[in-house]
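Descriptive analysis of the structure
Read off the chains here:
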Amino acid sequence: ITVIIKNLSDGYGDRKIIFLNLFALKKNISIAILDDDKAILKALTLMLSVNKQYVVSAYNHPGEILEKLNSFKPDIFISDINLPELDGISLVRKIREIPGDHPEIIIITGNGNKEYAIECLRLGAVDFLEKPFSMAGFRTAVERAATFVESKRRLAELLPEKRNPLPDDGKKAV
């Protein structure tokens, strides 16, 4: 963790500003990628697998990931919108219905439909990338989602009651 403390004098008095480098915190981020285009799936998986902080799983069909979501909860979920049998928006809705923590979602699509983008963002996606997208833009979207994951982890560490809202006696918290 990198912490930088700077003094600030701005006419309102002296203050200390603390900068925390969250990028240094990212460890073991699980990422699930879903795309029916095997070439894109392979390229994205290889690109992310180079970074040792990511544990990447690739899926070619929505049914594959839906079966695993009860036992495997990725930190980040990257999905194409145009999928066989189930569109990406319906898939995002299904993921949001599963109890527990939800992954940060990045949507990728060859169909630059703004209504899709708006709906995905309303459903909680953190980014929407239109194909063809640059690898730098893709990396930035994944880094942003990983920062959200780390922020949630840090918050859970700082506020342990968020993880267990019930008192030890099993009675409902008031």
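Located above this text is the structure these notes cover.
Keep in mind it's a predicted model, so treat the numbers as computed, not measured.

**Description of the overall build of the protein chain**
- Across its full length, the protein chain holds five helices and seven strands.
- When its helices and strands are written in sequence order, the protein chain yields β-β-β-α-β-α-β-α-β-α-β-α.
- Taken across its 174 residues, the protein chain has 34% of its residues classed as buried.
- Within the protein chain, residue pairs in contact and separated by at least 24 positions form 59% of the contacts whose partners lie at least 6 positions apart.

**Describing the packing of helix H1 (residues 38–49) against helix H5 (residues 135–158)**
- Across the interface, H1 lies against H5 with an axial gap of 12 Å and an inter-helix angle of 60 degrees. Relative to H5, the element H1 is oriented oblique. In this structure, the crossing between H1 and H5 has a hand that is right-handed. For the pair H1 and H5, the contacting residues are Leu44, Met47 and Leu48 in the first and Met135, Phe138, Arg139 and Val142 in the second.

**So, the sheet that holds strand E6 (residues 104–109)**
- Spatially, the five strands line up as an open sheet ordered E4-E3-E5-E6-E7, and their pairing is parallel. Strand pairing shows two members of the sheet lacking a second neighbour, strand E4 (54–59) and strand E7 (125–130), which therefore form its edges. Strand-to-strand twist of the sheet, defined as the mean angle between neighbouring strand axes without regard to direction, takes the value 15 degrees.
- When strand E3 (residues 29–34) meets strand E5 (residues 76–80), the two strands line up parallel, connected through four bridges. Paired with Leu34 across the bridge in E5 is Ser79.
- Strand contacts of H1: E3, E4, E5 and E6, with the helix running at about 170 degrees to E4, the strand carrying the most contacts.

**Quick notes on the pairing of E5**
- With five of five residues buried, E5 is to be regarded as a mostly interior element.
- Burial along E5 is two-sided: Ile76, Ile78 and Asp80 and Phe77 and Ser79, pointing in opposite directions, are all buried.
- Where E5 meets E6, five bridges bridge the pair, whose relative direction is parallel. Paired with Ser79 across the strands is Ile107, a residue of E6.

**Remarks on the packing of aromatic side chains**
- Within the structure shown, the criterion is met by one aromatic pair.
- Aromatic pair Phe133 and Phe138: ring centres 5.6 Å apart, planes at 25 degrees, arrangement stacked.
- Take Phe138: its relative accessible area is 0%, and that puts it in the buried class.

**A short note on the pattern of salt bridges**
- Per the stated rule, a full pass over the model turns up eight salt bridges.
- Residues Lys131 and Asp35 are paired through a salt bridge, measuring 3.1 Å at the closest nitrogen-oxygen approach. Placement of the pair is Lys131 in the loop between E7 and H5 and Asp35 in the loop between E3 and H1, with a sequence separation of 96 residues.
- Taking the relative accessible area as the measure of exposure, Lys131 reaches 18% and is therefore buried.
- A salt bridge links Glu157 to Arg154; the shortest N-O distance between them is 2.8 Å. Remark: Arg154 and Glu157 occur in helix H5; sequence separation between them is three residues, near one turn of the helix.
- For Glu157, a relative accessible area of 51% corresponds to the exposed category.

**Regarding helix H3 (residues 88–97)**
- Inspection of H3 places Gly88, Ile89, Leu91, Val92 and Ile95 among the buried residues, and these make up the whole buried set. Buried residues of H3, seen end-on, are gathered within an arc of 160 degrees and therefore sit on one face of the element.
- Considering only its buried residues, H3 is in contact with E3, helix H2 (62–68), E5, E6 and helix H4 (114–122).

Definitions and cut-offs
Residues numbered from 1 in each chain as written. Predicted model: local features only at pLDDT ≥ 70, side-chain atom pairs only at ≥ 80, totals over all residues. Heavy atoms only, no water. Helix = DSSP H or I, 4+ residues; strand = E, 2+ residues; numbered from the N terminus. Buried < 20%, exposed > 50% of the residue type's maximum accessible area, 1.4 Å probe, protein only. Contact = heavy atoms within 4.5 Å. Axes fitted to C-alpha atoms, helices over the stretch in contact; angles between N-to-C directions. Parallel < 35°, antiparallel > 145°, perpendicular 65-115°, else oblique. Left-handed = near helix turned anticlockwise from the far one by under 90°. Pairing = 2+ DSSP bridges. Phe/Tyr/Trp six-rings, centres within 6.5 Å; stacked < 30°, edge-to-face > 60°. Salt bridge = Lys/Arg side-chain N within 4 Å of Asp/Glu carboxyl O. Arc of directions from axis to C-beta.

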